[in-house]
Amino acid sequence: MKKVFLLLAVLLVVLPLSARPRLEFSPRGSLYISSVNFGIGADVIVNPTKTLGVRVNLAEVVFGDATAFSLNTGNLFSFSNFDILYYTNIAGLFSYVDIIFGLLSQDAGTSIAIGGGLGIEKYMGKGNYMFLEPALIFSDGPGRDGDLTFRTSFGLKLGI
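Residues numbered from 1 in each chain as written. Predicted model: local features only at pLDDT ≥ 70, side-chain atom pairs only at ≥ 80, totals over all residues. Heavy atoms only, no water.

### Quick notes on the packing of aromatic side chains
Right, so step 1: The final tally for this structure, using the stated rule, is 2 aromatic pairs.
Right, so step 2: Between Tyr 123 and Tyr 129, the ring centres sit 5.3 Å apart and the planes meet at 65°, which makes this aromatic pair edge-to-face.
Right, so step 3: Across from the ring centre of Phe 131, 5.4 Å away, lies the NZ or CZ of Lys 157, which sits over that ring. (Phe/Tyr/Trp six-rings, centres within 6.5 Å; stacked < 30°, edge-to-face > 60°. Lys NZ or Arg CZ within 6 Å of the ring centre and 35° of its normal.)

As structure tokens, this is what we get:
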């Protein structure tokens, strides 16, 4: 009986890991509501398994109170530059849970962002998806009070 449980445990670990890795390029638009700002950016997503992905922010231009540009470093609006995506399937839509983590180093010190959201994807064919992703991001840093930002992103995930 122990051998059967051991075999099942190995299969549960190995089968998801044997999924074909997928690389995605993701142009997107984002609406930030703490002060209203709009961003246009691009991400790269690496999906090593069927249920797990890692997203890195490539670049973003944010318009609003002050125009800001970030190239894989982030800024005060979008400095969450490392996301973990956990894919699941709800009601026929491909969806995922987004876990957000980011750091921003400035002269005054280091700021941190932690948050999460739920993404909804619609398969468009040939490995491409359209997505909508609302998220809450808590950010804090030296000399600042903690900020809570509501971010809604929308765009495409283009499979490479």
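Next, the rest of the story.
### Details of the environment of Gly 155
Right, so step 1: Mapped onto the elements, Gly 155 comes out in strand β9 (residues 147-159).
Right, so step 2: Among the residues examined, Gly 155 registers a relative accessible area of 15% and is labelled buried.
Right, so step 3: Considered as a pair, Gly 155 and Phe 131 are 24 residues apart in the sequence and their alpha carbons are 5.6 Å apart.
Right, so step 4: Setting aside residues up to four positions removed in sequence, Gly 155 forms contacts with Pro 27, Arg 28, Tyr 129, Met 130 and Phe 131. (Helix = DSSP H or I, 4+ residues; strand = E, 2+ residues; numbered from the N terminus. Buried < 20%, exposed > 50% of the residue type's maximum accessible area, 1.4 Å probe, protein only. Contact = heavy atoms within 4.5 Å.)

### Concerning the pattern of salt bridges
Right, so step 1: Throughout the structure, instances matching the rule amount to 9 salt bridges.
Right, so step 2: In this structure, Arg 28 and Glu 60 form a salt bridge, with 3.2 Å as the shortest nitrogen-oxygen distance. Of this pair, Arg 28 sits in strand β1 (residues 22-33) while Glu 60 is found in strand β3 (residues 52-63), placing the two residues 32 residues apart along the sequence.
Right, so step 3: When the shortest N-O distance is used, the salt bridge between Glu 121 and Lys 157 registers 2.6 Å. Placement of the pair is Glu 121 in strand β7 (residues 109-125) and Lys 157 in strand β9, with a sequence separation of 36 residues. You'll find Glu 121 and Lys 157 in the same group, each marked buried. (Salt bridge = Lys/Arg side-chain N within 4 Å of Asp/Glu carboxyl O.)

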